[in-house]
Amino acid sequence: MLTPRPHRAVNVDIFRPILALLPRGDLLRLSCTCHFLRDEASEAILAQPVSIIGHEQLASFCEFVLAGDSRRTSCVRRLDIFHIQKSLGGKLQDALLRFLESNLNLEQLSIVQSDALFKDDARISAAISSLRGITHLVVRHGWPGGISISLACQAVITMRSPLRSLKFELMDDPAGDTFLQDLAHAHTGLEELVLRFFRFNASYTPFHSVRKLHLEVEEYLPALRDLYTSFPAVQELAVCSQSYVAVRITEDLVVRARHDASADHEKGNAWPELHALRASAKEIDVLGLSCPVRLLDLKSILLYLSARVLDMLSSLRPRKLTLRLDYPRGGIAGLCMPELYGPALQSVRYLYAKVSPVSHTADIVSSLRNIVAAARIEVLHVVIAQGFSPTSQDADEFYVPAMDRPPSVYVADFMQLVNIEAVARELAGLCESLQTVAITFLQAIQRIWRVTRTRGGEINMELLEPHVGRGLLERETRRCLQERAT
């Protein structure tokens, strides 16, 4: 009696979902056992996000994906390509074209600092624009002049598949002043848009479906009415202008910007409310934004809350507030008018405080004492790091310094300098409404406490199991954001 072939003896409808849960290393080991597992494991590997760095990995990927069954190319659904700066050469270029032209299921494509893909040959950009199923596209080039702007813009505008998310980060201006208008016509279903240009040219054809907008410009920020005209349905907004980093914002400029913005609100040329806003205090001043904001991230470094920032918080009335506080050596001297913190912070229910650098327990408490004591917060999350990325699109991205010692030694040293439980208990004692305290150090340590009080005012701190604490933090976050504070 003949032994049945493995692929006939295995129910692939059950087997393939199991393979999809395995890490890449286990799949690679399985692929070395037999022909059946080689094919199945190879497809499972390609179904996971694929990252390629440099020419050698790109050549190896193309050779692997084109060597098997013709359906193998369509297993790739997410592809990230990094650092392809030199010319591809005829053989590698043809292989990449074969992959792009035969893939039917690619949904997410990132091209980061890979200027050669939009420089060598227009056939590659044409193949990218012809992808049938792509919904998320990232194009971020390395330096000015390193990319063919016209090819990149043409590829985006002529995409066969309608995009839902586009991150288009150029260090030059797009080809032509009508790029945004052409983009609005070509991709009417865009929900997320990240733009990095030298200057912003408003689109008079609105992006009615864009809900998340991240705008970074090297020159001046656009007028609020131009932003609203181009993106009337935005719910989450992040803005960054390099030109305001070293510019002194005068009172006249602030008054004029707020007067213009107030007129825009009266005419219906500004958003009535934003779900999330990430910008520095200077950028908010220049835009003149004053609408209610549920989640506010003041990304710039603050040594204290100035009168201008307090006035801004009173106007925006955030429910969740993210602050980045740097503790100067020698301590904070003379926090600005702590008696005014209460009215400015009365709407805040969730305080997310990023503190750096830290040398001992008192640093953290001193940085937050007046803010926590004046507010009526219910959730406090303190994140401690050597620094944070001011330009990253990820608001929680840590700056991890180069370590000349093992991470475990670095963390142990921190634990000797800072008593995390003492920090949590002292901060909890400053605010009677506080119910949840979380403290995170880099990505190595996280502690979450449930705070309760007896009738006599005694504080009980219950340290939660990690999974229980994370669940509580998520629930409390949703609850704090449900209702608009008056």
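Residues numbered from 1 in each chain as written. Predicted model: local features only at pLDDT ≥ 70, side-chain atom pairs only at ≥ 80, totals over all residues. Heavy atoms only, no water.

A. The arrangement of the side chain of Ser161 in detail. Take Ser161: it is sitting in the loop between α8 (149–157) and β5 (165–169). At 3.4 Å, the side chain of Ser161 forms a polar contact with the backbone oxygen of Arg132. Among all residues touching Ser161, those that are not within four sequence positions of it are Leu131, Arg132, Gly133, Ile134 and His187. (Helix = DSSP H or I, 4+ residues; strand = E, 2+ residues; numbered from the N terminus. Polar contact = N/O pair within 3.5 Å; in protein donor to acceptor, adjacent residues only side chain to side chain. Contact = heavy atoms within 4.5 Å.)

B. Up close: the environment of Glu421. Mapped onto the secondary structure, Glu421 falls in helix α17 (residues 420–428). The spacing of Glu421 and Ile448 is 27 residues in sequence and 9.7 Å in space, taken between C-alpha atoms.

C. Structural view of α8. Here α8 has its buried residues at Ile149, Leu151, Ala152, Cys153, Ala155 and Val156. Along its buried surface, α8 packs onto α7 (122–129), β4 (136–140), β5 and α9 (179–186). (Buried < 20%, exposed > 50% of the residue type's maximum accessible area, 1.4 Å probe, protein only.)

D. Region of interest: the environment of His360. With respect to the helices, strands and loops of the structure, His360 is situated in the loop between β12 (350–356) and α15 (361–374). Along the primary structure His360 and Gln416 are separated by 56 residues, whereas in three dimensions their C-alpha atoms are 8.7 Å apart. If we skip the residues at most four places from it in the chain, His360 touches Leu417 and Val418.

E. Fine view of the packing of helix α5 (residues 54–67) against helix α6 (residues 90–102). At a closest axis distance of 10 Å, the pairing of α5 and α6 adopts a crossing angle of 50 degrees. Taken together, the axis directions place α5 and α6 in an arrangement best described as oblique. The chirality of how α5 crosses α6 is left-handed. Residues His55, Leu58, Ala59, Phe61, Cys62, Val65 and Leu66 of α5 lie in contact with α6, whose contacting residues are Leu92, Ala95, Leu96, Arg98 and Phe99. (Axes fitted to C-alpha atoms, helices over the stretch in contact; angles between N-to-C directions. Parallel < 35°, antiparallel > 145°, perpendicular 65-115°, else oblique. Left-handed = near helix turned anticlockwise from the far one by under 90°.)

F. Just the pairing of strand β18 (residues 459–463), in detail. Taken together, the 5 bridges between strand β17 (residues 445–453) and β18 define a ladder with antiparallel strand orientation. Counted as the bridge partner of Trp449 is Leu463 from β18. Adjacent in sequence and paired antiparallel, β17 and β18 are bridged by 5 residues, among which Gly457 carries a positive phi angle near 90 degrees. (Pairing = 2+ DSSP bridges.)

G. Spotlight on the environment of Gln113. If you trace the backbone, Gln113 turns up in the loop between β3 (108–112) and α7. Spatially, the C-alpha atoms of Gln113 and Gln85 are 7.1 Å apart, while their sequence positions differ by 28 residues.

H. Structural context of the pattern of salt bridges. Taken as a whole, this structure holds 11 salt bridges when the rule is applied. The residue Glu462 makes a salt bridge to Arg450 at a minimum N-O spacing of 3.1 Å. Of this pair, Glu462 sits in strand β18 while Arg450 sits in strand β17, and the two are 12 residues apart along the sequence. With its nearest N and O atoms 2.7 Å apart, the salt bridge here joins Arg479 to Glu476. Placement of both Arg479 and Glu476 in helix α18 (residues 466–482) is noted, with a separation of 3 residues, approximately one turn of the helix. Classification of Arg479 as partly exposed rests on a relative accessible area of 33%. (Salt bridge = Lys/Arg side-chain N within 4 Å of Asp/Glu carboxyl O.)

I. Examining unusual backbone geometry more closely. Not every positive phi belongs to a glycine, and His83 is a case in point at roughly 55 degrees. Its location among the elements puts His83 in the loop between β2 (78–82) and α6. Positive phi is not limited to glycine here, since Arg317 has a value of about 50 degrees. Turning to its location among the elements, Arg317 is positioned in the loop between α13 (307–316) and β11 (320–326).

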